[in-house]
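As a plain string of letters, each chain reads:
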Amino acid sequence: MYLKTLHLRQFRNYQDCLVNFNAPKTILVGDNAQGKSNLLEAVELLATLKSHRSVRDRELVWEEATVGEIRANLERAYGSVELSVTLRSQGRRTVALNQESLRRQLDFLGILNAVQFSSLDLELVRGAPEKRRNWLDSILTQLEPIYAYILQQYNQILRQRNALLKKIRKQEIEGTNELSSQEQIDQLALWDAQLATAGSRVTRRRARMLQRLAPIAQAWHTSISGATEVLDINYAPNVSLEEDDPEGVQKAFLSKIQQRRIPEQHQGTTLVGPHRDEVEFTINQTPARAYGSQGQQRTLVLALKLAELKLIEEVVIKNLLTFTSYSEFKRVFPYDGARKLSRWAQKPWTCLASK
Ligand SMILES: Nc1ncnc2c1ncn2[C@@H]1O[C@H](COP(=O)(O)OP(=O)(O)OP(=O)(O)O)[C@@H](O)[C@H]1O
Ligand SMILES: [Mg+2]
């Protein structure tokens, strides 16, 4: 995959700027506040539909406009692809692939792969657990775009469950009885089950991904630190999983919800689930977050980022090689196959054609 052009219109401080990337490597040089980070942010948005700097589209649109656009041409093995994101200061963003508007944003993910490394990434080691969760999520979104949907579902269930817990708590404090105690039990049970189902999907995917990423990061870390340091990466999910088994994880989830029932009702918020996961990095058996020197933390982040790059490369290539027969391809992509295949995997196209 190669990013050929990037066209920014009314995006951040760019009014209309077309950039051609002709060289294998490009270095952006400019004064402070000229828009270097903004340009990289545009690429990040194309890859993940998220910006680590901003959550509101309003901030992304040039301040004197109401609509902004990021458009890019990519060279892929099977030909060119055009991606575009239209951002609105009010209203939903829309995405298009080859000028065809996509109904599901999910279909946009995984086409452009990018790994970002910046000074802000030190936060990955030093910052709050949320930073590490976001990091896991952004890798997973690129590796398996469906993850974006799974995570969104989980967050939606979490919000609704929290709203119910809050309502119950409020009722308790104010002594009203909007919901009878049976209604409370029934409604909570409904959300518990949904939270466990969606939550275990998130947890299992995070665990699987980290299992693959950790040895790569360790190898990089050994090589960068000159083999003087040993890195350990430990996924500490809020609901621990013994095995990668959906039923087992869901059971563990429900039993932890039972255990935490009283504190949850007391605090009026959900205390169980992957929104409270953590990833622990230890260097020579010492937690890097609290005790790592600046140099150690930098080495660690670099190793993590290089591992991320390698993993994305490996998985994308594996995806390319997954479909070795036309029948398998048809099974996975029964309709609209060619378009989807070209999104996911270019090499099998020649592979298939030669069969
Ligand atoms: N929505 C917006 N509309 C107009 N200008 C914006 C918008 N969002 C950000 N900017 C401007 O973009 C500029 C920052 O750009 P950016 O962060 O890309 O700078 P940079 O080139 O990376 O600078 P540095 O070298 O300091 O990191 C700021 O001047 C900021 O005011
Ligand atoms: Mg910058």
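First things first, this report covers the structure right here in the doc. Just so it is clear, the model here is predicted, and its values are computed rather than measured. (Residues numbered from 1 in each chain as written. Chains lettered and ligands numbered in written order. Predicted model: local features only at pLDDT ≥ 70, side-chain atom pairs only at ≥ 80, totals over all residues.)

1. Digging into the overall build of the chain
Here is the rule we go by: Note on conventions: DSSP H or I runs of at least 4 residues are helices, E runs of at least 2 residues are strands, and numbering of each starts at the N terminus. With C-beta atoms placed from the backbone, a residue is buried if 20 or more other C-beta atoms are within 10 Å of its own, exposed if 12 or fewer are, and partly exposed between those counts. Two residues form a contact once the distance between their C-beta atoms, set from the backbone, is within 7 Å.
The helix and strand inventory of the chain stands at 13 helices and nine strands. Among the 355 residues that make up the chain, the fraction classed as buried is 30%. A sequence separation of at least 24 residues applies to 68% of the contacts in the chain between residues at least 6 apart.

2. Some words on the site of ligand 1
Selection rule: Using a C-beta atom placed from the backbone, a residue is described as near a molecule or strand when that atom lies within 6 Å of it. Just so you know the grouping, Ala, Val, Leu, Ile, Met, Phe, Trp, Tyr, Cys and Pro go in nonpolar, Asp, Glu, Lys and Arg go in charged, and all remaining residues, Gly too, go in polar.
Around ligand 1, a shell composed of 14 residues is seen, among which Asn-32, Ala-33, Lys-36, Ser-37 and Asn-38 lie nearest. At three residues, helix α1 (residues 36–48) tops the list of elements feeding residues into the shell around ligand 1. Grouping the amino acids of the shell around ligand 1 by side-chain chemistry returns three nonpolar, seven polar and four charged.

3. Some remarks on the pairing of strand β1 (residues 2–11)
We count it as follows: In this scheme, strands are said to pair when DSSP sees at least two bridges between them.
One ladder, built from seven bridges, connects β1 with strand β3 (residues 67–76); its direction is antiparallel. Pairing of Leu-3 across the sheet is with Leu-74, part of β3. A loop of two residues connects β1 with strand β2 (residues 14–20), the two strands running antiparallel in sequence, and Arg-12 in this loop sits at a positive phi of about 50°.

4. Structural notes on the nonpolar core
The criterion, for reference: Each nonpolar core comprises buried Ala, Val, Leu, Ile, Met, Phe, Trp, Tyr and Cys residues, the members being joined through C-beta atoms within 7 Å. Where each domain begins and ends follows an automated or database-derived domain assignment.
Of all hydrophobic cores here, the largest spans 58 residues; its most connected members are Ala-42, Leu-46, Ile-70, Ala-217 and Leu-300. It is helix α6 (residues 181–224) that provides the largest number of residues to this core, a total of eight residues. When we break this core down by domain, the ones giving at least three residues each are domain 1 (2–108) and domain 2 (119–318). Sequence-distant contacts of Leu-300, that is, excluding residues within four places in its chain, are made with Val-125, His-221, Leu-231, Phe-281, Ile-283, Ala-288 and Gly-292.

5. Looking at the sheet that holds strand β6 (residues 100–101)
As a reminder, the rule being used: Axes here mean lines fitted to C-alpha atoms, for a helix over just the part in contact, with angles spanning 0 to 180 degrees between N-to-C directions.
Here we have six strands laid out as an open sheet, ordered β2-β1-β3-β4-β5-β6, and antiparallel in their pairing. At either margin of the open sheet sits one strand with a lone partner, and together these are β2 and β6. Sitting on the sheet, α1 touches β1, β2, β3 and β4 (79–88), and the angle it makes with β1 is about 110°.

6. A word on the environment of Leu-300
With respect to the helices and strands, the residue Leu-300 is situated in helix α10 (residues 294–322). Once the C-alpha coordinates of Leu-300 and Ile-283 are considered, the two residues, 17 residues apart in sequence, prove to be 8.7 Å apart.

7. Overview of α6
Counted only if it meets this: Values of bend correspond, residue by residue, to the angle between axes fitted over the seven residues ending at that residue and the seven starting there.
A bend of about 30° at Leu-213 is the largest found in α6, and the proline Pro-215 appears one to four places after it. Count one or two residues on from α6 and you reach Gly-226, which has phi positive near 70°.

8. Brief notes about the sheet that holds strand β7 (residues 231–236)
Strands sit in the order β7-β8-β9 across an open sheet of three strands; the sheet is antiparallel. Each edge of the sheet is formed by a strand with only one pairing partner; in this case those strands are β7 and β9 (286–287). For β7 and strand β8 (residues 278–283), the ladder comprises six bridges, and the chain directions are antiparallel. For Tyr-235, the partnering residue across the bridge sits in β8 and is Val-279.

Distances and angles like these do not, on their own, reveal function.
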